[in-house]
Amino acid sequence: MLILQRKPGESVLIGDEIEVTVVSVETGGRVRLAISAPKSLTILRNELRGAMDANKEAAREEASPLALLELLPRQGDPETKK
Amino acid sequence: MELTTKYFGQIAYEAGDVLYFKDGLFGFEEETQFLLLPFADSNGTLLCFQSVTTPGLAFVAMNPFSLKQNYAPRLRPAELKAMGVTQSEELSFYVLCVVRQPVSESTVNLKCPVAVNEDTGTAMQTILEDGGYEMRHRLSEFQEGQSSC
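Each residue is numbered by its place in its chain's sequence as written, counting from 1. The naming scheme follows written order: chains are lettered A onward, ligands numbered 1 onward. Given that this is a predicted model, residues contribute local features only at a pLDDT of at least 70 and side-chain atom pairs are listed and counted only at 80 or more, while totals for whole chains, interfaces and linings are drawn from all residues. Computation of side-chain values covers all heavy atoms of the structure but excludes hydrogens and water.

Engineer: Help me out: how do you make sense of the overall build of chain A in this one?
Structural biologist: For the purposes of this entry, the term helix denotes a DSSP run of H or I that reaches at least four residues, the term strand denotes a run of E that reaches at least two, and both are numbered from the N terminus. The number of helices and strands found in chain A is one helix and three strands. Helices (α) and strands (β) of chain A occur, in sequence order from the N terminus, as β-β-β-α. Three labels apply to residues, based on accessible area from a 1.4 Å probe with only protein chains included: buried if under 20% of the type maximum, exposed if over 50%, partly exposed otherwise in between. For chain A, the residues scored as buried account for 20% of the 82 residues in total. Any two residues whose heavy atoms approach within 4.5 Å are treated as being in contact. Look at the contacts in chain A between residues 6 or more apart in sequence, and 0% of them connect residues 24 or more apart.

What follows is the structure, encoded as structure tokens:
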């Protein structure tokens, strides 16, 4: 894996057509990136891929949803801490 | 209007019952209209998002606050604007559930809740950045009082 250091305003090139520029580094560690790439390429935040996979799992349940009721905390009895 | 559903057979509904997801759900972007239907005997904690256009598509959902009282989803400013509110507390939240066999392996996705504006019927699914929530919390985490996640 290639690891590079870049400052805001600096960029890296991937192949001939993809440019990733660091726009800013915000407090809390968040980094804003600008990505310039051909329209044919799909760019996803990787947690979006995870969210799509999680939804696909959720769409095909393996058991009756009603079985979940046994697992839920009892209603009207929220304080069960000892 | 009538609709064939995944869990409840044929049901009647009104246009005002429909929730509109402008961008669909993640991975189901073309599915933009759902009904939120509660399962009987669940006290409103167990529900499902039934697709209006695809009878066989329904997502089992839960009231996250019944699992975790201190659940605190925060939408980004642009998301709040799209939902027509100024703060997250004005919205209802539901989390999608993966029902597993055995059922004790079932999980809920606290990181990607569905937010609903009950007044307008506008809804969206989001990915929370903060709060340390995961996409697969086992339901058994929540059985003994409050978890610390």
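Engineer: What should I look at first to understand the confidence of the model for chain B in this one?
Structural biologist: Fine structural detail should not be taken from predicted coordinates in areas where pLDDT scores are low. Overall, the prediction assigns chain B a mean pLDDT of 92, with 96% of residues at 70 or greater. For this predicted complex, the interface confidence reaches an ipTM of 0.90, while the overall pTM sits at 0.83. Note on scores: pLDDT gives the predictor's confidence for each residue, bounded by 0 and 100.

Engineer: Any chance you could explain the pairing of strand β6 (residues 58–62) of chain B here in plain terms?
Structural biologist: Remark: a regular strand shows side chains that alternate across the two faces of the sheet. All names here are of chain B. For β6, the tally of buried residues reaches five of five residues, placing the bulk of the element in the interior. Neither face of β6 is exposed, since Ala 58, Val 60 and Met 62 on one face and Phe 59 and Ala 61 on the opposite face are all buried. Pairs of strands are assigned from DSSP output, requiring at least two bridges between the strands. Bridging between strand β5 (residues 46–51) and β6 involves five bridges; their strand directions are antiparallel. Bridge assignment links Phe 49 to a residue of β6, and that residue is Phe 59. Direction of pairing for β6 relative to strand β7 (residues 92–98): antiparallel, over a ladder of two bridges.

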